[in-house]
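Each chain is listed here by its residues.
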Amino acid sequence: MAHPLETISKRSTFIMIREKGKVMHGKTFNVQFLEDQYLNNSIYVGFTATKKIGKAVKRNKAKRIMRELARKIIAKYGKINSYYVLIAKPPIFEIPFHSQEIELKELIS
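Which residues make up the packing of helix H2 (residues 56–77) against helix H3 (residues 97–108), and what are the values?
As a packed pair, H2 and H3 sit with axes 10 Å apart at the nearest point and diverge in direction by 45°. Between H2 and H3, the angle is such that the two are oblique. Along this stretch, H2 crosses H3, giving a crossing that reads as right-handed. The segment H2 lies against H3, with Ile65, Glu68, Leu69, Lys72, Ile73, Ile74 and Tyr77 engaging Phe97, Gln100, Glu101, Leu104, Lys105 and Ile108. Residue composition of the contact of H2 with H3, by class: 8 nonpolar, 1 polar and 4 charged.

Describe in detail unusual backbone geometry, supporting the description with residues and values.
Of note, Asn40 is a non-glycine position whose phi angle comes to about 60°, a positive value. In this structure, Asn40 sits in the loop between strand E3 (29–35) and strand E4 (43–48). Although it is not a glycine, Asn81 sits at a positive phi angle of roughly 60°. Relative to the helices and strands, Asn81 is located in the loop between H2 and strand E5 (82–88).

So what's going on with the environment of Met24? Which residues, and what values?
Summarising the element assignment, Met24 is placed in strand E2 (residues 22–25). As a C-alpha pair, Met24 and Glu106 span 82 residues in sequence and 10 Å in three-dimensional space. Setting aside chain neighbours within four positions, we find Met24 in contact with Phe29, Asn30, Val31, Phe33 and Leu107.

Criteria and thresholds
Residues numbered from 1 in each chain as written. Predicted model: local features only at pLDDT ≥ 70, side-chain atom pairs only at ≥ 80, totals over all residues. Heavy atoms only, no water. Axes fitted to C-alpha atoms, helices over the stretch in contact; angles between N-to-C directions. Helix = DSSP H or I, 4+ residues; strand = E, 2+ residues; numbered from the N terminus. Parallel < 35°, antiparallel > 145°, perpendicular 65-115°, else oblique. Left-handed = near helix turned anticlockwise from the far one by under 90°. Contact = heavy atoms within 4.5 Å. Nonpolar A, V, L, I, M, F, W, Y, C, P; charged D, E, K, R; others polar.

What is shown is where atoms sit, not what they do.
Now the structure itself:
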């Protein structure tokens with residue numbers, strides 16, 4: 001069953017996840033993960049695309065791809081009471097979406 005996703009909006013939350021969470025490295029993106037028992041049975045997701053990806057149009061496209069991945073994969077297979085931050089890498093535009101779905105599923109399980 002898919003769980004509703006909440007979006008991480010505060011910078012302080014991103015920093016907390018980076019410092020206390022663990023990082024899983026993939027080909028097209030990295031995933032930062034942190035469990036927190038005080039999240040009231042929800043999953044929080046954040047997205048990051050740095051200037052290494054490209055200009056604004058490419059960064060926005062990368063975020064759209066990651067949002068769709070989160071909606072399909074993290075909502076279904078993610079752990080409740082957890083934070084996930086997806087950080088885009090340049091190959092995100094070259095690897096097919098289906099392969100990215102499989103990669104994300106393997107990273108979070």
